[in-house]
Amino acid sequence: MPPEPRQTVVVDGLALATEIRQRLADAVARQVAAGCRPPCLAVVLVGNDPASASYIKGKQRACGRVGMDSVEHRLPDSASETEVIEVVDRLNRDAGVDGILVQLPLPKGVRPTAVAEAVDPTKDVDGLHPMNAGYLLLGQPGLVPCTPLGIMKILEHHAIPLEGAHAVVIGRSAIVGKPIALLLQRANATVTMCHSRTRDLAGVCREADILVAAVGVPRLVKADWIQPGAAVIDVGVSEVNGALVGDVDTESAVGIASIVTPHRRGVGPMTITMLLQNTLDAYRRRGAGGRSGALTSDDDASARS
Ligand code: NAP
């Protein structure tokens with residue numbers, strides 16, 4: 001018998017992001033009013049990929065809107081790994097820079113792992129440095145990748161119970177799959193990680209109270225993969241005939257899932273918001289700001305809540 005249709009909340013990631021950004025803007029304004037400089041994010045773009053250039057612009061615009069500074073460093077497509085690392089190293093030594101983001105993908109010959117390792121871990125707002133990955137694994141404070149942080153905020157905002165829940169994560173990348181699995185486990189969920197070699201993926205997904213799809217395969221997750229009442233988070237973004245599509249067939253999840261994130265205005269706006277949050281955290285942890293007036297715990301709590 002087909003399950004009873006249920007009320008599904010289609011998550012408005014943009015509205016939640018806007019709410020959090022307002023709190024971040026207030027926290028930055030308080031710093032500036034106290035005579036400190038605002039937090040500053042440095043973005044590094046290598047090559048001429050139009051999508052990457054547009055992402056970088058979006059991130060800088062978001063910084064400006066919450067009163068943070070941003071600086072952009074562009075290198076040509078022909079830049080060597082050494083040249084990219086030299087720029088990163090300059091930014092590491094620049095006391096006026098709190099966060100460093102090197103936009104991916106990088107051109108052939110520039111290893112993303114080598115660049116990630118070159119970033120000062122205290123400025124690693126993408127959370128990709130092995131030291132931050134290690135802190136996450138150990139459950140110690142550090143900078144965590146933005147998309148998983150955004151997913152946790154969405155689950156928290158919608159009061160999705162995590163303790164004891166069965167969370168299934170499809171995808172095991174260092175930037176989404178692995179860190180979200182660790183965060184969910186830290187929140188006492190029981191986590192199953194799936195990937196391209198998982199047997200009976202549909203069957204595993206059907207057992208999920210929380211289903212996170214971070215794959216990049218258009219509409220991989222079908223209606224009959226979703227347990228009635230499950231929280232479904234669609235991270236994937238693929239292009240099909242010029243249109244952007246997610247990993248989940250969102251329309252068919254409506255009426256089955258408790259919440260579902262749409263591929264537009266879902267996880268994406270939260271990812272950028274968590275980049276701003278990480279930049280503020282990096283600024284605060286480094287005691288930056290030009291005075292001893294780094295964020296007070298009250299400021300921090302209001303920005304984080
Ligand atoms: P990735 O590094 O390419 O990882 C994809 C993962 O999916 C891999 O672990 C892979 O398994 C697994 N996979 C591939 N095909 C599969 C299949 N048929 N069944 C089960 N698992 C499969 O990608 P990523 O960087 O994690 O990104 C994933 C998606 O999220 C992409 O579409 C990306 O554009 C999107 N994304 C969105 C945001 C946002 O803010 N909205 C942020 C980041 C990423 P193996 O490990 O076995 O190869």
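Basis of the calculations
Residues numbered from 1 in each chain as written. Predicted model: local features only at pLDDT ≥ 70, side-chain atom pairs only at ≥ 80, totals over all residues. Heavy atoms only, no water. Pairing = 2+ DSSP bridges. Helix = DSSP H or I, 4+ residues; strand = E, 2+ residues; numbered from the N terminus. Contact = heavy atoms within 4.5 Å. Axes fitted to C-alpha atoms, helices over the stretch in contact; angles between N-to-C directions. Near = heavy atom within 4 Å. Polar contact = N/O pair within 3.5 Å; in protein donor to acceptor, adjacent residues only side chain to side chain. Areas by Shrake-Rupley, 256 points an atom, 1.4 Å probe, with all protein chains shown as cover. Nonpolar A, V, L, I, M, F, W, Y, C, P; charged D, E, K, R; others polar.

Student: Could you clarify how one ought to interpret the sheet that holds strand β1 (residues 9-10) in this entry?
Tutor: Across a sheet, strands are paired by hydrogen bonds formed along the backbone, either parallel or antiparallel in direction. One open sheet accounts for six strands, arranged β1-β11-β8-β7-β5-β6; its pairing is parallel. Pairing within the sheet leaves two strands with one partner each, and these edge strands are β1 and β6 (190-194). Pairing between strand β5 (residues 166-170) and strand β7 (residues 210-213): four bridges, direction parallel. Within the sheet, the bridge partner assigned to A167 lies in β7 and is I210. Across the sheet, helix α6 (residues 146-157) is in contact with β7, β8 (231-234) and β11 (259-260); its angle to β8 comes to roughly 150°. Those strands touched by helix α7 (residues 177-186) are β5, β6 and β7, and its axis lies near 165° from that of β6.

Student: It is not clear to me how the site of the ligand should be interpreted in this structure. Could you clarify?
Tutor: In the region of the ligand, 19 residues are neighbours, and R172, S173, S196, V237 and T271 sit closest. Between H195 and the ligand, the recorded distance is 3.4 Å, taken from a backbone N or O atom to a nitrogen atom. Between T271 and the ligand, the recorded distance is 2.8 Å, taken from a side-chain N or O atom to an oxygen atom. About the coverage of the ligand: the protein hides 65% of its 920 Å² of free accessible area. Split by residue class, the shell around the ligand holds nine nonpolar, nine polar and one charged.

Student: Help me understand the side chain of T8 in this model?
Tutor: For T8, the position within the fold is in the segment before β1. One polar contact links the side chain of T8 to the main-chain amide nitrogen of G255, over a distance of 2.7 Å. At 2.6 Å, the side chain of T8 forms a polar contact with the backbone oxygen of A257.

Student: For this particular structure, what's the right way to read the environment of V10?
Tutor: Position of V10 relative to the elements: it lies in strand β1. Residues contacting V10, with those up to four places away along its chain left out, are V254, V260 and P262.

Limitation: the analysis is restricted to geometry and does not speak to function.
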